[in-house]
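Chains, contacts and geometry: an overview
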Amino acid sequence: MSSINTPATSADTTSASADTTSASADTSSASADTSSASADTSSASVDPTPTIARRGSIRASAPLAGWRTVDLLTVAFLGAAFGIAYWGWGLAYEAPANAISAGFPPLSGLFAGPWFIAGVVGGLVIRRPGAALACEVIAALVSMLPGTQWGATTLVSGIVQGVGTELAFALLGYTAFGLVAAIAAGALAGPLEAGYEATNWIKDWALGWKFAYAGILTVSGAVVAGAGGWLLTKALARAGALGAFPAGQEERESRAV
């Protein structure tokens, strides 16, 4: 009897061992599943969806030619503010301009850049067709009212300069309002103004001087009005003054990145 029952006991032991191994495997599998779930939870907690920085400029709300009341009020305010600044610059302009241009008159163009900045800033802020031109013309008109040494030609210059800045934004389809666009707007005002002045103020200059003057006006417009206007717009946006405009939205998005 003893020799017959022994194999059965051995088989039972083997089966129990197999059950133990299977239970151990199940425990390991459950542990692995728990670890995987823990890893997934950890991954979810430390890997939030990244914020993607916007590329390019934000356009004005559609329709592009549909000016809002805030657009009209802002372009009027900017134009008036720049007009007062233009008038003050007209008082301070002659002494340094005459000093630097004593040996070479076209160098006076180095000090003309500030008179192009209203159109650049107006275009960068409003971002609608006509904004750059309107802002520059309003500034010229306001600066002329108290009286200047250039008389009514001040307004004509404002129109010419405004056409130059407006042309740059138009050529870009009113879709680009970054530093390059601002520099282009300031630069294009230069040769147009030089062409207008060639019919009156500098009509007796030699042709070479006229071309040199146009080049200097272009550089001054690009640096002072273009880059300077872009920096001023960015500063206004950072200060929260342009919250209702695309420039303000761009500033908010840049802080969120």
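Residues numbered from 1 in each chain as written. Predicted model: local features only at pLDDT ≥ 70, side-chain atom pairs only at ≥ 80, totals over all residues. Heavy atoms only, no water.

All right, on to the overall build of the protein chain then. Across its full length, the protein chain holds eight helices and zero strands. For the protein chain, the N- to C-terminal ordering of α and β elements is α-α-α-α-α-α-α-α. Residue burial in the protein chain is summarised as follows: out of 257 residues, 34% are buried. By sequence separation, contacts in the protein chain at least 24 residues apart represent 74% of the contacts at least 6 residues apart. Working note: accessible area of the protein chain is about 13600 Å², and carbon and sulfur atoms make up 67% of it. (Helix = DSSP H or I, 4+ residues; strand = E, 2+ residues; numbered from the N terminus. Buried < 20%, exposed > 50% of the residue type's maximum accessible area, 1.4 Å probe, protein only. Contact = heavy atoms within 4.5 Å. Areas by Shrake-Rupley, 256 points an atom, 1.4 Å probe, with all protein chains shown as cover.)

Within the largest apolar cluster, 41 residues are counted, with the highest numbers of intra-cluster contacts made by Phe82, Tyr86, Phe116, Val125 and Phe169. Secondary structure elements with two or more residues in this core: α2 (69–100), α3 (117–126), α4 (131–144), α5 (153–171), α6 (179–197) and α7 (207–238). Ranked by residues supplied to this core, first place goes to α3 with seven residues. With sequence-adjacent residues up to four places away left out, Phe116 is seen in contact with Tyr86, Glu136, Gln161, Thr165, Gly186, Ala189, Gly190, Glu193, Leu217, Gly221 and Ala225. (Core = buried A, V, L, I, M, F, W, Y, C linked by side-chain atoms within 4.5 Å.)

On to unusual backbone geometry. A cis geometry characterises the amide bond from Ala62 onward to Pro63, with omega recorded as -5°. Considering the arrangement of structural elements, one finds Pro63 in the loop between α1 (2–46) and α2. One non-glycine residue with positive phi stands out, namely Arg127, at about 60°. Checked against the element boundaries, Arg127 lands in the loop between α3 and α4. Judged by its relative accessible area of 3%, Arg127 falls in the buried class. Non-glycine residue Tyr174 carries a positive phi angle of around 55°. Structurally, Tyr174 is set in the loop between α5 and α6. The class of Tyr174 is buried, set by a relative accessible area of 13%.

For the rest of this paragraph, the subject is a nonpolar patch on the surface. Taken together, the side chains of Val219, Val223 and Val224 make up a nonpolar region of the molecular surface, amounting to roughly 230 Å² of accessible area. Following the sequence through the fold, Val224 ends up in helix α7. (Patch = residues over 30% accessible without salt bridge, like charges linked within 9 Å, V, L, I, M, F, W, Y side chains within 5 Å. Salt bridge = Lys/Arg side-chain N within 4 Å of Asp/Glu carboxyl O.)

Turning next to the environment of Thr218. Residue position: Thr218 is located in helix α7. Assessed through its relative accessible area of 25%, Thr218 is described here as partly exposed. Between the C-alpha atoms of Thr218 and Ala185, which are 33 residues apart in sequence, the distance is 9.9 Å. Leaving out residues up to four positions away in the same chain, Thr218 has contacts with Ala187, Gly190 and Pro191.

If you trace the backbone, Thr74 turns up in helix α2. Look past the residues within four positions of Thr74 in its chain and what remains in contact with it is Val125, Ile126 and Phe245.

With 32 residues, α7 extends 45 Å between its outermost C-alpha atoms, agreeing within 8% with the 46 Å of an ideal straight helix rising 1.5 Å per residue. Gly221 marks where α7 bends most, by close to 30°. Those residues of α7 that are buried lie in contact with α3, α6 and α8 (246–256). Trailing α7 by a residue or two, Gly240 shows a phi angle of about 90°, which is positive. (Expected span 1.5 Å × (residues − 1). Bend = angle between axes of the 7 residues up to and from the residue.)

What follows is about the pattern of salt bridges. Under the defined criterion, the tally for this structure stands at four salt bridges. Among the ionic pairs, Arg68 bridges to Asp71, the shortest N-O distance being 2.9 Å. Its relative accessible area of 0% is what places Asp71 among the buried residues. Between Arg128 and Asp71 there is a salt bridge; the shortest N-O distance is 2.8 Å. With Arg128 in the loop between α3 and α4 and Asp71 in helix α2, this residue pair connects regions lying 57 residues apart in the sequence. For Arg128, a relative accessible area of 2% puts it in the buried group. Each of Arg68, Asp71 and Arg128 takes part in a single network of salt bridges with overlapping partners.

That is the geometry; function is a separate question.
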